[in-house]
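# Coordinates in review
What follows is each chain in one-letter form.
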Amino acid sequence: MAYKPPKQSLAGQIFDVVTLLVLTVGALYIPLYLGLAGAAKVPNPIANPTWEALGQNATEQQQWAALGVTDPAAANDIITARFDYSFSWSALIVMAVLVIGYFVMVVRLSDKEYREVIEERFGDKKR
């Protein structure tokens, strides 16, 4: 007898897709919304900037011109902005707990589902 896996309804499939989409978008935008990523650049502009003072050689100047930036003052904030690489132990611990918790959940659920599939396919072997 051939194994036939259980069928999922169309509503269940749509729910799964919408849930995964919301989780994906949330994972990408929640850190930005909470200010945990992307906003930690602080420009340190130079007064009366020149391409040389900004450390840009002739090739880099050509690339800026290709982007439509021909004035060093317009590129001053972009070039002089530096990322803030501060470190938070509490954020690291929270992330580690979440990742480890997710891993434990996935392993436990996968083990349960694997056992159910084996039971469906081969029957109870504890006789």
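Anything mentioned here points back to the structure above.
Small disclaimer: the values here were computed from a predicted structure and weren't measured.

Moving on, we get to the overall build of the chain. Regarding its fold elements, the chain presents 4 helices and 2 strands. Reading the chain from its N end, one meets helices and strands in the order α-β-α-α-β-α. Taken against the 2.2 N^0.38 rule, which gives 14 Å for 127 residues, the C-alpha radius of gyration of the chain at 27 Å runs more than 25% over that of a compact globule. Along the first, second and third principal axes, the C-alpha atoms of the chain reach 85 × 35 × 25 Å. Per-residue burial over the chain gives 11% buried out of 127 residues. Look at the contacts in the chain between residues 6 or more apart in sequence, and 57% of them connect residues 24 or more apart.

Notably, Asn48 is not glycine yet its phi reads approximately 50°, a positive angle. As for its placement among the helices and strands, Asn48 is situated in the loop between strand E1 (41-42) and helix H2 (58-66).

A few words on helix H3 (residues 72-80). Here H3 has its buried residues at Pro72, Ala75, Asn76, Ile79 and Thr80. When H3 is viewed along its axis, its buried side chains cluster within an angular range of 135° and face the same direction.

Core analysis: the largest hydrophobic core is formed by 6 residues, namely Trp51, Leu54, Trp64, Val69, Ala75 and Ile79. Excluding anything up to four places from it in sequence, Ile79 contacts Trp51, Leu54, Gln56 and Trp64.

With that settled, consider the pattern of salt bridges. With the rule as written, the count across this model stands at 1 salt bridge. The residue Arg115 makes a salt bridge to Asp111 at a minimum N-O spacing of 3.2 Å. Within this pair, Arg115 and its partner Asp111 are both found in helix H4 (residues 89-122), separated by 4 residues, close to a single helical turn.

Reading the values: rules and limits
- Along each chain, residues carry numbers from 1 onward, in the same order as the chain's sequence is written.
- Only residues with pLDDT of at least 70 are given local features in this predicted model, and only at 80 or more are side-chain atom pairs given and counted; all residues enter the totals for whole chains, interfaces and linings.
- As a rule here, side-chain values cover all heavy atoms of the structure and leave hydrogens and water aside.
- Note on conventions: DSSP H or I runs of at least 4 residues are helices, E runs of at least 2 residues are strands, and numbering of each starts at the N terminus.
- Just to be clear, the radius of gyration here is over C-alpha atoms, and the globule rule we use is 2.2 Å times residues to the power 0.38.
- Each residue is placed in one exposure class: buried if its accessible area under a 1.4 Å probe, protein chains only, is under 20% of its type's maximum, exposed if it is over 50%, and partly exposed if it falls in between.
- By definition, residues are in contact when any of their heavy atoms lie within 4.5 Å.
- Arc definition: it is the arc formed by the directions from the helix axis to the C-beta atoms.
- The criterion is simple. A nonpolar core is a set of buried Ala, Val, Leu, Ile, Met, Phe, Trp, Tyr and Cys residues joined through side-chain atoms within 4.5 Å.
- What makes a salt bridge here is a side-chain nitrogen of Lys or Arg within 4 Å of a carboxyl oxygen of Asp or Glu, nothing more.

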